[in-house]
Amino acid sequence: MRDVAAWQVKNGYPFSFMTEASIDLADDAELLELMDEANIVAVFIGIESPKEESLRETKKFQNVRRWGDSA
């Protein structure tokens, strides 16, 4: 992301980007800052089931770790 951000700055921001990410992206302040510098203008965040059992059944362990027991 550092390289993309530097390239965008150097070239006058010729591109804007969109991406998909997990909600725990919000825990990484440095990455968020770099995404802003890289001109990432939108982030799609999917909404998952609030039921831990459903998350485990669909192997969405990254969403269980934050609020439930470790997978």
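This text follows the structure it describes.
Here goes a summary of the coordinates provided. In this text the structure is predicted, and so the values were computed from the model without any measurement.

### A word on the packing of aromatic side chains
The full count for this structure, using the stated rule, is two aromatic pairs. Judged by centre distance (5.9 Å) and plane angle (20°), the ring pair of W7 and F15 falls under stacked. A relative accessible area of 41% places W7 in the partly exposed class. Exposure remark for F15: the relative accessible area of 45% places this residue in the partly exposed category. Aromatic pair F15 and F17: ring centres 6.3 Å apart, planes at 40°, arrangement tilted. Aromatic ring contacts, followed pair by pair, group W7, F15 and F17 into a single cluster.

### Observations concerning the pattern of salt bridges
Tallying each qualifying case throughout the model produces two salt bridges. Between E30 and R2 there is a salt bridge, with the nearest N and O atoms lying 2.4 Å from each other. Taken as a pair, E30 in helix 2 (residues 29–37) and R2 in helix 1 (residues 2–10) lie far apart in primary sequence, 28 residues in all. Overall, the relative accessible area of 54% leaves R2 in the exposed class. A salt bridge links R56 to E52; the nearest nitrogen and oxygen atoms lie 3.0 Å apart. Here the residue R56 and the residue E52 both occupy positions in helix 3 (residues 52–57), the gap between them amounting to four residues, near one helical turn. Residue classification places R56 among the partly exposed residues on the basis of a relative accessible area of 27%. The class for E52 is partly exposed, based on a relative accessible area of 32%.

### Some words on the side chain of Q8
Counting through the fold element by element, Q8 comes out in helix 1. Setting aside residues no more than four positions away along its own chain, Q8 makes contact with Y13, P14, F15, F17, E37, A38 and N39.

### A short note on the nonpolar core
A5, L25, L34, M35, A38 and I40 form the largest nonpolar core, which has six residues in total. A5 has contacts with L34, E37 and A38, leaving out every residue within four places of it along the chain.

### Considering the pairing of strand 1 (residues 17–20)
Looking at chain direction, strand 1 and strand 2 (residues 40–44) are connected through four bridges and run parallel. The residue bridging E20 from the neighbouring strand is F44, located in strand 2. Traced from strand 1 through helix 2 to strand 2, the parallel crossover comes out right-handed.

Here is what the cut-offs are and how they apply
Residues numbered from 1 in each chain as written. Predicted model: local features only at pLDDT ≥ 70, side-chain atom pairs only at ≥ 80, totals over all residues. Heavy atoms only, no water. Phe/Tyr/Trp six-rings, centres within 6.5 Å; stacked < 30°, edge-to-face > 60°. Buried < 20%, exposed > 50% of the residue type's maximum accessible area, 1.4 Å probe, protein only. Salt bridge = Lys/Arg side-chain N within 4 Å of Asp/Glu carboxyl O. Helix = DSSP H or I, 4+ residues; strand = E, 2+ residues; numbered from the N terminus. Contact = heavy atoms within 4.5 Å. Core = buried A, V, L, I, M, F, W, Y, C linked by side-chain atoms within 4.5 Å. Pairing = 2+ DSSP bridges. Right-handed = clockwise from strand over helix to strand, strands pointing away.

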